[in-house]
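# Per-entry structural report
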Amino acid sequence: VQLQASGGGLAQAGGSLRLSCAASGSIFRVDDMGWYRQAPGTQRELVATVSSGGSTTYADSVKGRFTISRDNAKNMVDLQMSSLKPEDTAVYYCNAKGLTISWRSFDYWGQGTLVTVSS
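In this report, we go over the structure that sits alongside the text. (Residues numbered from 1 in each chain as written. Predicted model: local features only at pLDDT ≥ 70, side-chain atom pairs only at ≥ 80, totals over all residues. Heavy atoms only, no water.)

### Some points on the packing of aromatic side chains
Scanning the entire structure with this criterion turns up three aromatic pairs. Between Tyr36 and Trp109, the aromatic rings sit 5.0 Å apart at their centres with planes inclined by 70°, giving edge-to-face as the arrangement. Pair noted here: Tyr36 is in strand S4 (residues 27-38) and Trp109 is in strand S10 (residues 105-109), with a separation of 73 residues, a long-range link. On the accessibility criterion, Trp109 (38% relative accessible area) is partly exposed. With 5.8 Å between their ring centres and 20° between their planes, Phe106 and Tyr108 make a pair best called stacked. Residue classification places Phe106 among the buried positions, given a relative accessible area of 6%. The class for Tyr108 is partly exposed, based on a relative accessible area of 38%. (Phe/Tyr/Trp six-rings, centres within 6.5 Å; stacked < 30°, edge-to-face > 60°. Helix = DSSP H or I, 4+ residues; strand = E, 2+ residues; numbered from the N terminus. Buried < 20%, exposed > 50% of the residue type's maximum accessible area, 1.4 Å probe, protein only.)

Encoded structure:
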């Protein structure tokens with residue numbers, strides 16, 4: 001199973017960016033998908049998750065500004081980020097959990113994509 005993330009880059013405060021992540025490989029089922037981030041000198045933290053049924057969770061710091069969505073048919077998850085703040089600057093990682101076609105559970109991370117928000 002591989003996760004390929006795209007998007008990110010540089011934005012001004014108040015601006016928007018969109019991240020996308022696609023899971024591929026020997027997948028039978030993808031359950032939860034999500035985005036996490038890690039700023040320099042800090043631990044990785046949850047940003048948002050979405051279940052296969054569409055239930056979402058958000059970190060308090062991004063509620064009302066970020067929206068997570070997924071396409072179950074394509075095993076893709078997106079993160080629409082709006083009203084960006086300098087403190088959103090971090091490396092963003094996508095995550096996917098599920099089952100392989102060999103009925104083994106998986107919990108994989110994408111390669112990380114850098115989001116930089118200038119003030």
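### A few points about the sheet that holds strand S3 (residues 17-24)
One open sheet accounts for four strands, arranged S1-S3-S8-S7; its pairing is antiparallel. Only two strands of the sheet have a single neighbouring strand rather than two, namely strand S1 (2-7) and strand S7 (66-71). For this sheet the average axis-to-axis angle between neighbouring strands, irrespective of direction, equals 15°. Note that S7 and strand S8 (residues 76-81) share six bridges and pair antiparallel. Counterpart to Ser69 in the pairing with S8 is Asp78. (Pairing = 2+ DSSP bridges. Axes fitted to C-alpha atoms, helices over the stretch in contact; angles between N-to-C directions.)

### Things to note about the pairing of strand S9 (residues 90-100)
Where burial is concerned, most of S9 is hidden: nine out of the 11 residues are buried. Direction of pairing for S4 relative to S9: antiparallel, over a ladder of nine bridges. Following the sheet pairing, Gly34 is matched in S9 by Asn95. Where S9 and strand S11 (residues 113-118) come together, three bridges link them in antiparallel fashion. Directly across from Val91, in S11, lies its bridge partner Leu114. Relative to S10, S9 is paired through five bridges, and the arrangement is antiparallel. Across the sheet, the residue bridging to Lys97 is Asp107, located in S10.

### Concerning the state of the cysteines
The tally for this structure, following the rule as stated, stands at one disulfide. Shown here is the disulfide that connects Cys21 with Cys94, its sulfur atoms set 2.1 Å apart. On the S-S bond that ties Cys21 to Cys94, the torsion sits near 45°, and the link is right-handed. Note that Cys21 is positioned in strand S3 and Cys94 in strand S9, a separation of 73 residues in sequence. Each member of the pair Cys21 and Cys94 is classed as buried. (Disulfide = S-S within 2.5 Å.)

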